[in-house]
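Structural description and commentary
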Amino acid sequence: MDNLTHSLVGLTAAKAGLEKLSPGATALCLLAASAPDVDIVTLIFRGRWSFLEHHRGITHSIVGTLALVVLLPLVFYLIDRLIAQLEKRKPRVKLKGLLLVSLAVTATHPFLDWTNNYGVRLLLPWNARWFYGDFLFVIDPFFWMVLGGASFLLTSKSKKQLIAWLVVALIPTYLVLVRSAGETPSSNNIPLRLFWITGLVVLVILCRTKIGREGSARVAIVALVTVAIYSCALAAIHVVALRRATVQAGNIANSHTERLLRVAAMPTVANPTAWLCVLETDRATYRFNLSVPGNLPDAPQVVRFEKPVAPAADVVARAAEDDRAQVFLGFARFPVVRVIGDDCLTQTLVQFADLRYTEPGKGRGTFSLDVPVECPVVEAR
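Please read all numbers here as calculations on a predicted model, not as lab measurements. (Residues numbered from 1 in each chain as written. Predicted model: local features only at pLDDT ≥ 70, side-chain atom pairs only at ≥ 80, totals over all residues. Heavy atoms only, no water.)

**Here we look at the overall build of the protein chain**
Along the protein chain, the regular secondary structure elements total 14 helices and seven strands. Dimensions of the protein chain, computed from C-alpha atoms along their principal axes, come out at roughly 90 × 50 × 30 Å. For the protein chain, the residues scored as buried account for 44% of the 381 residues in total. Excluding contacts between residues fewer than 6 apart, the proportion of contacts in the protein chain whose partners are at least 24 apart in sequence is 60%. Per element, the accessible surface of the protein chain, about 20,300 Å² overall, is 64% carbon and sulfur. For the protein chain, the distance from the average position of its 39 positive side-chain charges to the average position of its 28 negative side-chain charges is 15 Å. (Helix = DSSP H or I, 4+ residues; strand = E, 2+ residues; numbered from the N terminus. Buried < 20%, exposed > 50% of the residue type's maximum accessible area, 1.4 Å probe, protein only. Contact = heavy atoms within 4.5 Å. Areas by Shrake-Rupley, 256 points an atom, 1.4 Å probe, with all protein chains shown as cover. Lys, Arg positive; Asp, Glu negative; His and termini not counted. Charge placed at Lys NZ, Arg CZ, Asp CG, Glu CD.)

Right, here's the structure in full:
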């Protein structure tokens, strides 16, 4: 999930009661909620391909998460003891309380990241296998509104806090109201914008009521329970979507006389009725859209990429030796490839893409890669 969602989970958990376990618990909740994303340092110092290789890796694994669970409270505890010595007072931080806070909040990060189709590598450093939940989109305005709304009501007690929340709210509001309107028209755009505007109006009204002035931990608890129920509902819909996608994938494979190997149904942003499906057969990889509920079309619109065969397969194998391609192929769940200039007069271009996100040649950052391959030199006789 995006970092705004992680931060809102941490703040809401603090206001639900965790902040009472120790001084500094609220700050720890905010840090712990996003701590596994410390792997972003690889992007800063070593570039995007190193980031792709390490993101959602060891810091998101069971071992890495447990290490962070212990490390963060210890840092808080030691800093508090140092300050206490300098100020000649007793330490205030309760280590046991912070450990409980850290365990509860840090664990939400890899779990939430598992729920979407990007996945996490839970078993590192022993096993690099990716795990995917496939039922929550990587960003979800419903999470922003429910968790952000609860946190806003419980922490907007002063003018400065109100201004801070206004600044925070501008980013998701822009994405929902402006960016969604400017992208490809969708039947879900209008309901999404209406939901967002209604939510903002309700929050402004509640802010002026007793709930806004004297909000208790119950507001945060209700928010957490609400997003939990929402997530479970999407997980249930995903089961139905995957079952229907498997049937459709079987029909597609049979129509091409191919053997179905695997299929995935993945969510789309803020629309539980629309699912992106990708399937792999022994000869090709396909992508198609699925509606739940709705009848399965007899002739669905599909995007199809054949797996390379000789001589193109030889060129692809050479391109796969590129360091960037090694990283990309280690990440890609449904890698597809297109070879341009396979007559190889001077140079051949091999375009890789992960069909979850894009197609070869269309480009989407680290979700696609173009590797030029020099033609072999033919010696004159």
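There is more to say, and it comes next.
**Description of the pairing of strand β6 (residues 347-354)**
Among the eight residues of β6, six are classified as buried, and the element is accordingly described as predominantly covered. Judged from the six bridges that link them, strand β5 (residues 335-340) and β6 form a sheet pairing that is antiparallel. Along β6, the bridge assignment pairs Val-337 with Phe-352. Relative to strand β7 (residues 368-374), β6 runs antiparallel, the two being bridged by seven bridges. (Pairing = 2+ DSSP bridges.)

**Some words on a nonpolar patch on the surface**
A cluster of nonpolar side chains, Val-38, Ile-40, Val-41, Leu-43, Ile-44 and Phe-45, forms an exposed patch at the surface whose accessible area comes to about 580 Å². On the secondary structure map, Ile-44 appears in helix α3 (residues 41-46). With relative accessibility at 60%, the residue Ile-44 sits in the exposed group. (Patch = residues over 30% accessible without salt bridge, like charges linked within 9 Å, V, L, I, M, F, W, Y side chains within 5 Å. Salt bridge = Lys/Arg side-chain N within 4 Å of Asp/Glu carboxyl O.)

**A closer look at the sheet that holds β5**
If you trace the three strands from one edge of the open sheet to the other, you get β5-β6-β7, paired in antiparallel fashion. Each end of this open sheet is capped by a strand with a single partner; those strands are β5 and β7. Neighbour-to-neighbour, the strand axes of the sheet open up by a mean angle of 20°, direction not taken into account. Running at roughly 75° to β6, helix α13 (residues 312-319) makes contact with β5, β6 and β7 of the sheet. (Axes fitted to C-alpha atoms, helices over the stretch in contact; angles between N-to-C directions.)

**Here we look at the pattern of salt bridges**
Scanning all chains against the criterion turns up 14 salt bridges. A salt bridge links Asp-113 to Arg-56, with the shortest nitrogen-to-oxygen separation between them at 3.5 Å. Here Asp-113, found in helix α7 (residues 108-114), pairs with Arg-56, found in the loop between α4 (48-54) and α5 (62-87); they are 57 residues apart in sequence, far enough to count as distant. Here Asp-113 and Arg-56 have matching classes, each one buried. Glu-258 is the partner of Arg-283 in a salt bridge, and the nearest nitrogen-oxygen pair spans 3.5 Å. Of this pair, Arg-283 sits in the loop between β2 (271-281) and β3 (284-291) while Glu-258 is found in the loop between α12 (217-255) and β1 (260-268), placing the two residues 25 residues apart along the sequence. With relative accessibility at 41%, the residue Arg-283 sits in the partly exposed group. Salt bridges linked by common partners bring Glu-258, Arg-283, Arg-304 and Glu-306 together as one network.

**Some points on the environment of Ala-332**
Residue position: Ala-332 is located in the loop between α14 (323-331) and β5. Look at Ala-332 and you get buried, because its relative accessible area is 12%.

**Some remarks on the nonpolar core**
Within the largest apolar cluster, 26 residues are counted, with the highest numbers of intra-cluster contacts made by Leu-136, Phe-143, Leu-147 and Phe-152. At the level of secondary structure, the elements contributing two or more residues to this core comprise α1 (3-15), α8 (141-155), α9 (159-182), α10 (189-207) and α12. Ignoring anything within four residues of it in the chain, the contact list for Phe-143 reads Met-1, Thr-5, Leu-112, Leu-136, Gly-148, Val-227, Tyr-230 and Ser-231. Listed in part, the 20 residues of the second largest apolar core include Leu-52, Ala-319, Ala-325 and Val-371. (Core = buried A, V, L, I, M, F, W, Y, C linked by side-chain atoms within 4.5 Å.)

**With respect to the packing of aromatic side chains**
The tally for this structure, following the rule as stated, stands at 15 aromatic pairs. With 6.0 Å between their ring centres and 65° between their planes, Phe-143 and Tyr-230 make a pair best called edge-to-face. Here Phe-143 is found in helix α8, whereas its partner Tyr-230 is found in helix α12, with 87 residues between them in sequence. Tyr-230 shares its class with Phe-143; the two are buried. Where Trp-144 meets Trp-196, the ring centres are 6.4 Å apart and the plane angle is 85°; that geometry is what we call edge-to-face. Of this pair, Trp-144 sits in helix α8 while Trp-196 sits in helix α10, and the two are 52 residues apart along the sequence. Both residues of the pair, Trp-144 and Trp-196, belong to the buried class. Taken together, Tyr-118, Trp-130, Tyr-132, Phe-331, Tyr-357 and Phe-367 form an aromatic cluster joined through their ring pairs. Sitting above the plane of the Phe-331 ring, Arg-356 keeps its charged end 4.9 Å from the centroid. (Phe/Tyr/Trp six-rings, centres within 6.5 Å; stacked < 30°, edge-to-face > 60°. Lys NZ or Arg CZ within 6 Å of the ring centre and 35° of its normal.)

**Regarding the packing of α8 against α10**
Contact pair α8 / α10: the axes reach a minimum separation of 11 Å and the direction vectors enclose 5°. By the angle between their axes, α8 is roughly parallel relative to α10. Contacts from Pro-141, Phe-142, Trp-144, Met-145, Gly-149, Phe-152 and Leu-153 in α8 reach Leu-192, Phe-195, Trp-196, Gly-199, Leu-200, Leu-203, Leu-206 and Cys-207 in α10. Its residues assigned to classes, the contact of α8 with α10 comprises 13 nonpolar, two polar and no charged. (Parallel < 35°, antiparallel > 145°, perpendicular 65-115°, else oblique. Nonpolar A, V, L, I, M, F, W, Y, C, P; charged D, E, K, R; others polar.)

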